[in-house]
Amino acid sequence: MTQFLKQLGRLLLWMVFLVITAWGAAALWFDGPTSRPLAALLVLAYVLASLAPLILLRPRRLAYVAALIPFAVLLVWWFSLKPSNDRDWQPNVAQLPSAEIHGDTLVVHNLRNFDYRSETDFTPRWETRRYDLSKLRGLDLHVIYWGSPSIAHTILSWEFEDGQRLAASIETRSRVGQSYSAVRGFFRQYELYYVLADERDVIGLRTNHRHEDVYTYRLRTPPARARALLLDYLKTVNRLADKPKWYNAFTDNCTTTIRMHAGNAMGAIPLDWRWMANGYLDELLYEKGVVNRSMPFAALKSLSYINPKAQALPLDDNFSRAIHQGLPPRPAPPVN
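Fair warning: this is a prediction, and the values are worked out from it, not measured in the lab.

Trainee: I'd like to hear about helix H3 (residues 60-79), residue by residue, with values.
Mentor: Taking 1.5 Å per residue, 20 residues should reach 28 Å; H3 reaches 29 Å between its end C-alpha atoms and fits that length. Where H3 bends most, at Ile 69, the angle is about 25°, and the proline Pro 70 comes one to four residues later. The set of residues buried in H3 consists of Ala 63, Tyr 64, Ala 66, Ala 67, Pro 70, Phe 71, Leu 74 and Trp 78.

Trainee: Which residues make up the side chain of Asp 252, and what values do they have?
Mentor: Within the secondary structure layout, Asp 252 lies in the loop between helix H6 (223-242) and helix H7 (256-266). Exposure remark for Asp 252: the relative accessible area of 13% places this residue in the buried category. A distance of 3.2 Å separates polar atoms of two side chains, one belonging to Asp 252 and the other to Lys 245. At 3.2 Å, the side chain of Asp 252 and the side chain of Thr 251 are in polar contact. Excluding residues within four positions of it along the chain, Asp 252 makes contact with Leu 192, Lys 245, Trp 246, Tyr 247 and Thr 257.

Trainee: An account of the pattern of salt bridges is requested, with residue identities and associated values reported.
Mentor: Scanning the entire structure with this criterion turns up 21 salt bridges. The salt bridge involving Asp 140 is made with Arg 330; its shortest N-O contact spans 3.1 Å. With a gap of 190 residues between them, Asp 140 in strand S6 (residues 136-145) and Arg 330 in the segment after helix H11 (319-324) connect regions that are remote in the sequence. You can call Arg 330 partly exposed: its relative accessible area is 23%.

Trainee: Give a description of the nonpolar core that names residues and reports values.
Mentor: Grouped together as the largest cluster of nonpolar side chains are 47 residues, with contacts concentrated most on Leu 106, Leu 156, Trp 158, Leu 166, Leu 219 and Tyr 233. Not counting chain neighbours up to four residues away, the residues in contact with Leu 219 comprise Leu 139, Asp 140, Leu 141, Leu 156, Leu 285, Val 290, Val 291, Arg 330 and Pro 331. In this structure, Tyr 193, Val 202, Ala 310 and Leu 327 belong to the second largest nonpolar core, which totals 17 residues.

Trainee: Run through the packing of aromatic side chains, naming residues and quoting values.
Mentor: By the definition in use, this model includes 19 aromatic pairs. Here Tyr 145 and Tyr 215 contribute two aromatic rings whose centre-to-centre distance is 5.7 Å and whose plane-to-plane angle is 90°, an arrangement assigned as edge-to-face. On the criterion of sequence distance, the pair formed by Tyr 145 in strand S6 and Tyr 215 in strand S10 (residues 213-218) is long-range, its members being 70 residues apart. With respect to burial, Tyr 145 and Tyr 215 carry one shared label: buried. An aromatic cluster of three or more residues is present, and its members are Trp 23, Phe 30, Phe 71, Trp 78, Phe 79 and Phe 187.

Calculation notes
Sequence order as written defines the numbering, with residues in each chain counted from 1. Selection of residues for local features in this predicted model requires a pLDDT of at least 70, selection of side-chain atom pairs for listing and counting requires 80 or more, and totals for whole chains, interfaces and linings are taken over all residues. Side-chain measures were taken over the full set of non-hydrogen atoms in the model, leaving aside hydrogen atoms and water. A run of H or I in DSSP becomes a helix once it reaches four residues, and a run of E becomes a strand once it reaches two; helices and strands are each numbered from the N terminus. Between the first and last residue of a helix there are one fewer steps than residues, each counted as 1.5 Å, and that sum is the expected span. What is called the bend at a residue is the angle between a pair of axes, fitted to the seven residues leading up to and ending at it and to the seven starting from it. Only protein chains enter the accessibility calculation, which uses a 1.4 Å probe; a residue whose area is less than 20% of its type maximum is buried, one above 50% is exposed, and one in between is partly exposed. Polar contact is defined as a pair of N or O atoms within 3.5 Å, subject to the rule that within protein one atom must be able to donate a hydrogen and the other to accept it, and that residues adjacent in sequence are counted only when both atoms are side-chain atoms. Here, two residues are considered to be in contact whenever any of their heavy atoms come within 4.5 Å of each other. One speaks of a salt bridge when a side-chain nitrogen belonging to Lys or Arg is within 4 Å of a carboxyl oxygen belonging to Asp or Glu. Here, nonpolar core means buried Ala, Val, Leu, Ile, Met, Phe, Trp, Tyr and Cys residues that are tied together by side-chain atoms lying within 4.5 Å of each other. Within 6.5 Å between ring centres, the rings of Phe, Tyr and Trp (the latter by its six-membered ring) count as paired, and their orientation is classed by plane angle as stacked under 30 degrees, edge-to-face over 60, tilted in between.

See below:
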C-alpha cells in the first residue's frame, strides 16, 4: 500500500509538472516574441529545461526543484508584462468611457452609440449622457448565445424612469488586426474593456447584425442595490481609464466580473458552477428567484427571447423601448 501511494504521488507530481509546462509553453507562444521561429525556439528550450531535470537528475527532490526554476523565471517575466491604454485600437473600443457623479447626477463620457449598417460597417458615435440616479428604476440582464449553449455573453442594463437605459458590457479591448480567441483570452493578449452604451448599440449589434440569440430578463434587484452595483461598475470604469488591466477569460470575463461587482455592492454571492458555464446563468437566477418565477423556466425563457421583435425594428432611438415590450414583468423586490 505504501509503495502504491508513493507511485500515485509521483504520478500526480508528473501531471502537475506537465500542466505547468504546457501552460508556460503556451504563455511563451502567445505572449512572447512576435517572430514565430523565435517563439518556437523559446518554447522548445523551455520544455526541455523543465522536463529534463525530472528525467536526468537524482535524488527526486533535487529534480523537482530544478524543474521548477524555469517555471519561476517564466512567471517573473509573464507578470512583468504591462497592459496599456496607448495602442492602435480597433474603432469600436477606441475611446475609454469615464463617469462623473455629483450627488444624484451621473455624467457618462464616451458612451458608445454607433450607427451600424453591418457588423463591420458603422459610423462611430461617442456621446456624453446624463442620468438621474434618484430615478433609477431597475436592472435587466441580457444573455447572449453565439454557439455552445454552455457559454454566453452577459450584459447588464440599468433602467431609469425617463426611459433611458445604460448598458454595460465587459469585453476585450482589441488592437487593429486582432480578433478574439478563447484560448488567447487566458493569456496577456487583450486589455479589459467596459463598454458603456445605448442598448441599440450593444444589443442591436448582436440581434440584427451578428444574429446572435439574445434573451432579456428583468431582475428583482431593488433600485438601491441596482444603484450600488452601478456605482461599483463605474469605479472600475474610471480606474481602467487611469490604470489599464489585462482581460482574463477565467478570472476577469463578462460574468465572473459581474459576480465580483455584485459581491462588492450587495455582499457575498454564493459560488455556483453556472457562473463559469454562464449559458446556464439564467437557470441559476430562476432558482434563486431573481427573475420572474410565475411560470415554468422554459416558458420564461421563450418569452424572454427578443430576436424576432428586435430584427423587425430599425436601430433607432425607439429600439430599446420596443425590445422590452411584452417581456415577463420584473419580480417585486424582497420585503426587508
